[in-house]
Amino acid sequence: RRLEEIKRRHQTVVEIMAEGILALKKESGDRFDPSINYFLDRFYTSRIAIRVLISNHLVLFGPEVECPGHCGIIDPTMDVHNIIDDAASGAKYLCNYYYGDCPNIEINTYSKKEIKEDGITMVYIASHLHHMVF
């Protein structure tokens, strides 16, 4: 119950931090201290790690539902192409909605290993890959 509350309470941290950074840049102009980037990198890396641990724990031991075949939030057979294609479709939709047009997106998958008929799979957290390529 406590972890659910922590996760819910911290949902808007990224937006709040972004507003603060924009205000700081506006106030300081070109004199933006480079050590702030170092702090932000460490801050967000820690935040991602904590959210992964909390989310995985809630799926394994809490009320959140585990997807079939997953180990918590980790997908042992994540289809890389499908996740990237889904992210690209979402980005195209938003571009069309807000700008009336979008670039063509072509996704090619390459691997040093032989690609099976079902594409490239890997053990990973699908929502993280989706977020990175969106």
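Residues numbered from 1 in each chain as written. Predicted model: local features only at pLDDT ≥ 70, side-chain atom pairs only at ≥ 80, totals over all residues. Heavy atoms only, no water.

1. Re the packing of helix H2 (residues 13-28) against helix H3 (residues 35-61)
Next up, step 1: Interaxial distance between H2 and H3 falls to 13 Å at its minimum, and their mutual angle equals 175 degrees. For the element pair H2 / H3, the angle class is roughly antiparallel. On the side of H2, the interface is formed by Val-13, Val-14, Met-17, Ile-21 and Leu-24, while H3 contributes Ile-36, Phe-39, Leu-40, Phe-43, Tyr-44 and Arg-47.
Next up, step 2: Split by residue class, the contact of H2 with H3 holds 10 nonpolar, no polar and 1 charged. (Axes fitted to C-alpha atoms, helices over the stretch in contact; angles between N-to-C directions. Helix = DSSP H or I, 4+ residues; strand = E, 2+ residues; numbered from the N terminus. Parallel < 35°, antiparallel > 145°, perpendicular 65-115°, else oblique. Contact = heavy atoms within 4.5 Å. Nonpolar A, V, L, I, M, F, W, Y, C, P; charged D, E, K, R; others polar.)

2. Considering the pattern of salt bridges
Next up, step 1: Per the counting criterion, the structure on display carries 2 salt bridges.
Next up, step 2: Ionic pairing is found between Glu-5 and Arg-8, a salt bridge with its closest N-O pair at 2.7 Å. Highlighted residues: Glu-5 and Arg-8, both in helix H1 (residues 2-9), separated by 3 residues, approximately one helical turn.
Next up, step 3: Lys-7 is the salt-bridge partner of Glu-64, the closest N and O atoms lying 3.3 Å from each other. Of this pair, Glu-64 sits in the loop between H3 and strand S1 (75-79) while Lys-7 sits in helix H1, and the two are 57 residues apart along the sequence.
Next up, step 4: Residue class for Lys-7 comes out buried when judged on its relative accessible area of 18%. (Salt bridge = Lys/Arg side-chain N within 4 Å of Asp/Glu carboxyl O. Buried < 20%, exposed > 50% of the residue type's maximum accessible area, 1.4 Å probe, protein only.)

3. Focus: the nonpolar core
Next up, step 1: One finds Met-78, Val-80, Ile-83, Ala-126 and Leu-129 forming the largest nonpolar core, which totals 5 residues.
Next up, step 2: Sorting the residues of this core by element identifies helix H4 (80-99) and helix H5 (126-133) as the ones contributing at least two each.
Next up, step 3: When near neighbours in sequence (up to four residues on either side) are disregarded, Leu-129 contacts Met-78, Val-80, Ile-83, Ile-84 and Tyr-124. (Core = buried A, V, L, I, M, F, W, Y, C linked by side-chain atoms within 4.5 Å.)

4. Topic: the layout of surface pockets
Next up, step 1: Volume-wise, the largest pocket comes out at about 520 Å³.
Next up, step 2: Contributing to the lining of the largest pocket are 22 residues, with Arg-51, Val-52, Ile-125, Ser-127 and His-128 lying nearest its centre.
Next up, step 3: For the lining of the largest pocket, the secondary-structure elements that each account for two or more residues are H3 and H5.
Next up, step 4: Per-element tally for the lining of the largest pocket: the top contributor is H3, with 7 residues.
Next up, step 5: The residue inventory of the lining of the largest pocket, partitioned by class, reads 11 nonpolar, 6 polar and 5 charged. (1 Å grid on protein atoms, 1.4 Å probe; cavity = no way out; pocket = protein on both sides within 12 Å on 5 of 7 lines; lining within 4 Å. Points joined across faces, edges and corners; volume = space filled by probe spheres on them.)

5. Observations concerning H2
The periodicity of an α-helix, 3.6 residues per turn, causes residues three or four places apart in sequence to face the same way.
Next up, step 1: The end-to-end C-alpha separation of H2 is 22 Å, in line with the 22 Å expected for 16 residues at 1.5 Å each.
Next up, step 2: For H2, every residue scored as buried is listed here: Val-13, Ile-21 and Ser-28. Down the axis of H2, the buried set is contained in an arc of 60 degrees. They therefore lie on one face. Away from its buried face, by an angle of more than 90 degrees, H2 presents the exposed residues Ile-16, Glu-19, Leu-22, Lys-26 and Glu-27.
Next up, step 3: Contacts made by the buried residues of H2 are with H3.
Next up, step 4: Phi for Gly-29, located one or two positions after H2, is positive at around 65 degrees. (Expected span 1.5 Å × (residues − 1). Arc of directions from axis to C-beta.)

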